[in-house]
Amino acid sequence: MKYIDEYRNGRLTHDIARQIASTADPARSYHFMEFCGGHTHVISRYGLEDLLPDNVRMVHGPGCPVCVLPIGRIGAAIALAMRPEITLCTYGDLMRVRDRNGWSLLKAKAAGADIRMVYSTLDALRIAEAEPQREVVFFAIGFETTTPPTALALKTAIARKLGNFSIFCNHVVTPAAIHSILESPDVREFGTIKIDGFIGPAHVSAVIGTKPYEFFAEKFRKPVVVAGFEPLDVIQAVLMLLRQINDGRHVVENQYIRAVTRLGNVKAQAEVANFFEPRESFEWRGLGELRLSGLRLRPQYAAYDAEKRFSMVTFRAEDNPACECGSILRGVKKPADCKLFGRVCTPDTPIGSCMVSSEGACAAHWTYGRFRTKARQSDAGRAVA
Amino acid sequence: MNMMMEAHSRNLDVANGRVDLSHGAGGRAMGELIEGIFHKAFDNIWLRAGNDQSAFTVPGGRMVMSTDGYVVSPLFFPGGNIGSLAVHGTINDIAMAAARPLYLSASFIIEEGFPLADLERIAESMGSASRGAGVPIITGDTKVVERGKADGVFISTSGVGVVPDGLDLRADAARPGDAVILSGSIGDHGIAVMSKRENLEFDAAVVSDSAALNGLVAAMVEAGGRQIRLMRDPTRGGIAATLNEIASQSKVGFHIDEEAIPVKPEVTAACELLGLDPLNVANEGKLVAVAAPEGAKAILAAMRAHPLGREAAVVGHVVADDDCFVQMSTSFGGGRIVDWLSGEQLPRIC
């Protein structure tokens with residue numbers, strides 16, 4: 001398959017794995033955070049951890065928009081969808097996320113709410129056009145990757161004078177989250193977790209470019225390699241990070257040159273800026289309130305802003321206190337360190353944000369890698385015996 | 001032909017007509033519908049007898065019986081429709097016991113307003129599928145419900161079959177060391193259906209693999225029946241669900257090899273587009289067999305000699321594992337679990 005198989009070449013992967021083994025200094029350890037859930041998924045699905053030496057470890061970051069959406073906003077969306085005049089359109093992977101009462105959009109749909117799973121913002125627009133008697137609300141979430149399509153939907157709705165279309169905006173921005181992790185006491189002061197470098201997001205960077213990461217690389221002296229979502233992309237990014245660290249460099253490098261430039265998609269950025277502005281603060285599930293980390297519609301588009309149009313109320317809702325998602329999202333703990341993991345918290349019964357989406361660190365570990373925990377326990381048992 | 005049926009006036013306008021509530025009310029219109037569409041399509045001596053049931057000959061041996069409901073959307077997809085699927089599905093459920101399927105029943109719940117021409121297409125494909133597999137549909141039922149209370153047409157099929165003497169396939173029979181044999185490429189049916197689903201239509205050169213597997217199973221039984229521990233057709237949930245189900249029922253684990261599992265490039269491409277794993281995607285004409293290691297070679301050879309098993313391959317083996325994990329060696333030399341799907345398979349957003 002053109003443009004896919006080339007990046008899944010087993011022989012090349014093994015060549016790079018051998019270079020990683022010879023590049024990694026046995027006298028030191030390396031910890032790299034992949035920010036993006038897409039990378040977490042690929043690492044788990046293809047078993048890439050098995051190809052890395054023991055002193056090169058991956059730390060799973062917070063980059064899954066479904067995971068970091070606070071449950072208060074899920075609750076608000078469910079309350080809105082239960083109103084008889086509303087048709088709520090949403091991406092599929094939001095359907096199972098539960099609010100503080102254990103309700104999900106899936107449950108609300110079964111209870112009679114008009115909730116429709118869509119594959120693009122344009123599907124939601126089509127519904128609004130076809131059913132003018134309904135109030136169609138698009139439940140918009142995602143990082144910089146999915147914000148331009150939402151802007152396009154808004155632009156189209158305005159052009160077509162669609163009076164029954166609005167957006168419940170939950171878009172968030174990547175740099176704020178990276179900043180939060182690097183500024184967290186665990187990383188800066190306590191030294192609980194070591195992050196030596198970042199694998200930067202793929203699709204997000206196609207929109208924002210590599211320039212926004214230059215500040216972090218310089219200020220925190222951490223190398224960043226923006227990488228694609230194929231297994232070869234990820235493993236090559238690990239090699240590039242290793243080389244930077246061994247050389248004492250800390251710059252932004254671009255592995256994903258087939259899609260990402262330094263300045264990104266300037267046209268998409270302009271469209272987003274036309275319609276959205278930063279919120280003072282936005283809650284991230286597991287990370288708390290992060291300054292300038294979320295977007296809302298500009299005031300002149302209030303008629304298309306579901307929060308204003310329907311006077312939506314969002315509550316701050318706390319996660320289960322035993323849930324370790326906050327620590328896992330900052331890379332302080334691993335999924336299996338959480339007492340809830342695999343006991344009461346599984347992909348079928350997710351308690352915390354990291355188990356909610358298939359791209360969450362806990363869901364990826366449970367779905368693809370939990371045999372490793374068992375193998376490590378067996379090894380430890382044999383060592384004790 | 002049933003005398004009572006012949007007495008009905010023949011005014012069924014199949015080309016332009018639609019199912020209405022009278023077609024399910026038990027009167028003349030219902031008789032016309034059954035005779036004009038179902039009896040015509042399924043024609044056989046049992047239906048011609050015109051009874052509410054059919055008496056049939058039972059050969060010696062252990063009987064198996066299976067039933068299944070079909071609610072597929074869309075009703076028509078590349079490579080088949082709900083009718084052929086309903087016939088193949090029940091035949092395959094019976095065949096997975098290494099049984100010879102003998103007879104089928106078919107029950108229809110039809111939504112008011114459903115075009116008669118579509119119903120005829122569905123019935124004709126059922127008749128063709130049952131004749132092709134040598135398993136007649138010998139009894140049935142028809143109900144019509146008001147518009148909005150069904151999605152076009154729902155079909156339930158049941159079937160009976162007989163297991164050859166000396167064979168007793170059981171879900172808990174897999175043993176460490178056994179070979180896992182897959183009959184062909186995976187994911188074709190699920191992707192063919194999704195490619196025609198509303199809001200998701202895309203061009204894919206994939207047709208459903210929907211097929212009756214009783215002929216393939218008969219060849220396998222002849223080649224090494226007693227060496228077959230168990231068989232499953234990996235329908236909804238794909239081979240991931242099937243292997244996990246067998247693992248938990250037999251209290252064993254599996255080690256499978258990603259590179260040995262055939263997947264068509266078009267299926268891989270569609271799965272990439274939708275963020276799906278082919279291992280979770282449905283099949284309707286494939287089987288997974290667990291066989292004693294000493295019989296695997298002969299069974300595999302018999303499968304490859306059959307048109308529906310040309311791509312058959314040993315894709316892994318059974319291992320002892322208290323956790324019942326299905327583990328897979330990836331094409332990169334790494335390892336991963338192949339897990340059950342959580343809930344419905346939903347495309348990712350990015």
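Note that the structure is predicted; figures quoted are calculated from it, not measured. (Residues numbered from 1 in each chain as written. Chains lettered and ligands numbered in written order. Predicted model: local features only at pLDDT ≥ 70, side-chain atom pairs only at ≥ 80, totals over all residues. Heavy atoms only, no water.)

Asks: Looking at this structure, I do not really get the overall build of chain A. What am I missing?
Replies: Broken down by element type, chain A carries 17 helices and 13 strands. The C-alpha atoms of chain A give a radius of gyration of 21 Å, which matches the 21 Å a tight globule of 385 residues would have. For the C-alpha atoms alone, the extent of chain A along its principal axes is close to 65 × 50 × 45 Å. Per-residue burial for chain A yields a buried fraction of 61% across its 385 residues. Sequence-distant contacts, at least 24 apart, represent 76% of the contacts inside chain A between residues at least 6 apart. Put simply, chain A shows about 15,700 Å² of open surface, and 53% of that area lies on carbon and sulfur atoms. Within chain A, one finds 49 positive and 41 negative side-chain charges whose respective centroids are separated by 1 Å. (Helix = DSSP H or I, 4+ residues; strand = E, 2+ residues; numbered from the N terminus. Rg over C-alpha atoms; globule rule 2.2 N^0.38 Å. Buried < 20%, exposed > 50% of the residue type's maximum accessible area, 1.4 Å probe, protein only. Contact = heavy atoms within 4.5 Å. Areas by Shrake-Rupley, 256 points an atom, 1.4 Å probe, with all protein chains shown as cover. Lys, Arg positive; Asp, Glu negative; His and termini not counted. Charge placed at Lys NZ, Arg CZ, Asp CG, Glu CD.)

Asks: When you look at the sheet that holds strand β1 (residues 62–70) of chain B in this model, what are you seeing that I'm missing?
Replies: Strand pairs in the sheet, formed through backbone hydrogen bonds, run parallel or antiparallel to each other. All names here are of chain B. Reading across from one edge, β1-β6-β4-β5 is the order of the four strands in this open sheet, with mixed pairing throughout. In this open sheet, the two strands that pair with only one neighbour each are β1 and β5 (137–145). Along the sheet, successive strands turn relative to each other by an average axial angle of 15°, direction set aside. Relative to strand β6 (residues 153–163), strand β4 (residues 100–111) is paired through 10 bridges, and the arrangement is antiparallel. Directly across from I109, in β6, lies its bridge partner F154. The strands touched by helix α2 (residues 28–42) are β4 and β5; relative to β5, the strand with the most contacts, the crossing angle is about 140°. (Pairing = 2+ DSSP bridges. Axes fitted to C-alpha atoms, helices over the stretch in contact; angles between N-to-C directions.)

Asks: What am I meant to see in the interface of chain B and chain A here?
Replies: Accessible area lost when the parts come together is the quantity often used to give the size of an interface. Between chain B and chain A, the residue contacts involve 29 residues of the former and 39 residues of the latter. The junction of chain B with chain A conceals about 3,000 Å² of combined surface from both sides, 58% of it contributed by carbon and sulfur atoms. Between the two partners, chain B and chain A, sit one salt bridge. Counting across the interface, chain B meets chain A through seven residue pairs in polar contact (both at pLDDT 80 or more). If you list the elements that add at least two residues to the side of chain B that touches chain A, you get α9 (265–274) and β13 (335–337) of chain B. Residue composition of the side of chain B that touches chain A, by class: 12 nonpolar, 10 polar and seven charged. (Buried area = accessible area lost by both parts, 1.4 Å probe. Salt bridge = Lys/Arg side-chain N within 4 Å of Asp/Glu carboxyl O. Polar contact = N/O pair within 3.5 Å; in protein donor to acceptor, adjacent residues only side chain to side chain. Nonpolar A, V, L, I, M, F, W, Y, C, P; charged D, E, K, R; others polar.)

Asks: Would you mind going over the environment of L75(B) with me for this structure?
Replies: Residue and element names in this part refer to chain B. Topologically, L75 is positioned in the loop between β1 and β2 (76–77). With relative accessibility at 13%, the residue L75 sits in the buried group. Along the chain, L75 and L85 lie 10 residues apart, while their C-alpha atoms are 9.8 Å from each other. Ignoring anything within four residues of it in the chain, the contact list for L75 reads N81, I82, F114, D151, G152 and V153.

Asks: What is the right way to read the nonpolar core from this model?
Replies: Side chains that are nonpolar tend, in soluble globular proteins, to be buried together. Judged by nonpolar contacts, the single largest core of 44 residues is most densely connected at I178(A), F198(A), Y213(A), W284(A) and M355(A). Secondary structure elements with two or more residues in this core: β1 (30–36), α8 (174–183), α10 (203–208), β8 (224–226), β11 (281–284), α15 (325–329), α16 (353–356) and α17 (361–384) of chain A. Residues within four places of W284(A) in sequence aside, it is in contact with V68(A), F143(A), V172(A), V173(A), A177(A), L290(A) and S293(A). I34(B), F108(B), A129(B) and I137(B) belong to the second largest nonpolar core, which has 39 residues in total. (Core = buried A, V, L, I, M, F, W, Y, C linked by side-chain atoms within 4.5 Å.)

Asks: Mind showing me how you'd approach a nonpolar patch on the surface here?
Replies: Residue and element names in this part refer to chain B. A contiguous nonpolar surface patch, about 240 Å² in accessible area, is contributed by F56, V58 and M63. In this structure, F56 sits in the loop between α3 (45–48) and β1. Among the residues examined, F56 registers a relative accessible area of 31% and is labelled partly exposed. (Patch = residues over 30% accessible without salt bridge, like charges linked within 9 Å, V, L, I, M, F, W, Y side chains within 5 Å.)

Asks: What is the right way to read the packing of helix α1 (residues 10–23) of chain A against helix α12 (residues 231–247) of chain A from this model?
Replies: When two helices pack together, their arrangement is given by the angle between their axes and by how far apart the axes lie. Residues and elements named next belong to chain A. Where α1 contacts α12, the axes come no closer than 10 Å and their chain directions differ by 20°. If you check the angle between α1 and α12, you find them roughly parallel. Between α1 and α12 the crossing geometry is left-handed. Facing α1, whose interface residues are L12, T13, I16, A17, Q19, I20 and T23, α12 presents L232, I235, Q236, V238, L239, L242, R243 and N246. Broken down by class, the residue content of the contact of α1 with α12 amounts to nine nonpolar, five polar and one charged. (Parallel < 35°, antiparallel > 145°, perpendicular 65-115°, else oblique. Left-handed = near helix turned anticlockwise from the far one by under 90°.)

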